[in-house]
Amino acid sequence: MTAVLIIIVLLLVAIAIWQMTKIFELSQFNADDSQIATDKDNKVNGYLMFAFLVFIYLLTIFCFWEWGGVLLGIPASEHGEDIDNLMFISMVLIFTVQIITQALLHYFAFKYRGVQGRKALFYADNDRLEFIWTIIPVITLAGLILYGLFTWTSVMNVDEEEGDPIIIELYAQQFNWKARYAGNDNVLGSANVRLIDIDKNNMLGIDESDPYAEDDIVSQTEIHLPVGRKVIFKMRSQDVLHSAYMPHFRAQMNVVPGMITQFAFTPTVTTEEMRLNPDMVEKVQHINQLRADRKANGETDNIDPWEFDYVVLCNKICGSSHYNMQMKIIVETQEEFDAWIKEQQTFKQQMAAAQ
Ligand SMILES: [Cu+2]
């Protein structure tokens, strides 16, 4: 209601200002009321074009300077390098073309500004020119698209027979993630949303009668991954559309109710190694500084120093707590991973304990 009243008041103020300027204009008897632009008007607008050009260039430089540090840093997966190269080449191309074309656009707007007595040249068409400015974008775009397609096909290698992958189910629900390891047999037992049993803490609806499910291991808080081993994520959603986004691994896949989607990658940098990466050290320091400042300003008193961890985030706006739908990922050595998985309860043990 307040918002509506504010809008009405603003509208009335705008109308009042408009009416007052009209009265002011009418009272100026001797002023030149011609609607035709003079040479001076055109010149001012021509120079304003240059000013705007300088403004957008400076804004671009400022943005890179100010926020360049929030870019992701080195990729932590094997295919991450390919994605970054594709991104880098596309960006270099886009920026080069935009810098040249914007300069030309604004320069010509100034050069051919209105001048009293100057007439525009009538120039119907030029086949050669049109051919050139059509064929160059066609070749460039076709090249980029083909390069992108080849990169995507090589990234989307979810072949279970290749490279001894570890199979993990990623289960999404409003608003958290759960992970299920396929166990010793590396085969996930079947599951169905109708089999969810809150009393037994069977939150993923795993089928108790399926022998493949017996050795499955459910992790509700974090995902552990051994470094250098391919992992295939098989994703299910319990409710709405989610998207598993693992930015440091350059991985993202929609999680769709009623079907299983997949994404595979090989982590190459352990959590410990990433924490020592100079870019990451700087980023962590910066964030902790911001937190300390907030604490000093009395904005909050509950801020612990932040330590870097990989995460899987949700990248589809899936509801009110979407912003906080995340789970920690820990990349570690094979020995550390083996030690962790040994400590976990299998699905069979979990069900026996719930009896
Ligand atoms: Cu979500």
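Before reading on, note that the structure itself is shown above.
Cut-off values and rules
Residues numbered from 1 in each chain as written. Predicted model: local features only at pLDDT ≥ 70, side-chain atom pairs only at ≥ 80, totals over all residues. Heavy atoms only, no water. Helix = DSSP H or I, 4+ residues; strand = E, 2+ residues; numbered from the N terminus. Rg over C-alpha atoms; globule rule 2.2 N^0.38 Å. Buried < 20%, exposed > 50% of the residue type's maximum accessible area, 1.4 Å probe, protein only. Salt bridge = Lys/Arg side-chain N within 4 Å of Asp/Glu carboxyl O. Donors = N, O, S within 2.8 Å, 3.2 Å for Na, K, Ca; no water. Tetrahedral: all angles 85-135°; square planar, octahedral: opposite > 155°, others 65-115°. Pairing = 2+ DSSP bridges. Axes fitted to C-alpha atoms, helices over the stretch in contact; angles between N-to-C directions. Contact = heavy atoms within 4.5 Å.

(A) Main features of the overall build of the protein chain. Check the secondary structure of the protein chain and you find eight helices and 10 strands. The C-alpha radius of gyration of the protein chain comes to 30 Å, more than 25% above the 20 Å expected for a compact globule of 355 residues. Viewed in the frame of its principal axes, the protein chain has a C-alpha envelope of about 95 × 60 × 40 Å. Scored against the burial criterion, the 355 residues of the protein chain give a buried share of 29%.

(B) Spatial organisation of the pattern of salt bridges. If you walk through the whole model with that rule in mind, you get 11 salt bridges. Asp84 is paired through a salt bridge with Arg250; the nearest N and O atoms lie 2.6 Å apart. Of this pair, Asp84 sits in helix H3 (residues 80-111) while Arg250 sits in the loop between strand E6 (242-246) and strand E7 (251-255), and the two are 166 residues apart along the sequence. Residue Glu160 is joined to Lys234 by a salt bridge in which the shortest nitrogen-to-oxygen separation is 2.7 Å. Of this pair, Glu160 sits in the loop between helix H4 (127-155) and strand E1 (166-173) while Lys234 sits in strand E5 (residues 231-237), and the two are 74 residues apart along the sequence. Here the salt bridges do not stand alone but share partners, grouping Glu222, Glu272, Arg275, Glu307, Asp309 and Lys328 into one network.

(C) Region of interest: the coordination of the copper ion. The copper ion binds to the protein through His242 (ND1), Cys314 (SG), Cys318 (SG) and Met325 (SD), with metal-donor distances spanning 2.0 to 2.7 Å. Coordination at the copper ion comes from four donor atoms whose angles at the metal span 93 to 124°, giving a geometry best classed as tetrahedral. Sequence positions of the residues that donate to the copper ion give the spacing H-x71-C-x3-C-x6-M. Highlighted residues: His242 in strand E6 and Met325 in the loop between strand E9 (310-314) and strand E10 (326-332), separated in sequence by 83 residues. Of the two residues, His242 and Met325, neither departs from the other in class, the shared state being buried.

(D) Molecular detail of the sheet that holds strand E3 (residues 217-219). Read across the sheet, five strands follow the order E3-E2-E1-E5-E8 without closing on themselves; strand pairing throughout is mixed. Unpaired on one side and paired on the other, E3 and strand E8 (261-265) mark the two borders of the sheet. Strand-to-strand, the axes of this sheet are offset by a mean angle of 25°, without reference to chain direction. In this structure, E5 lies alongside E8, joined through five bridges in antiparallel fashion. Within E8, the residue paired with Ile232 across the bridge is Ala264. The strands that helix H7 (residues 334-343) touches are E1, strand E2 (176-181) and E3; relative to E2, the one it contacts most, it runs at about 95°.

(E) Highlighting the sheet that holds E10. Read across the open sheet, the five strands follow the order E4-E10-E9-E6-E7; overall the sheet is mixed. The open sheet has two edge strands, strand E4 (222-226) and E7, and neither has a second partner. Averaged over neighbouring strand pairs, the angle between their axes works out to 20° when direction is ignored. Relative to E10, E4 runs parallel, the two being bridged by five bridges. Paired with Leu225 across the strands is Val331, a residue of E10.

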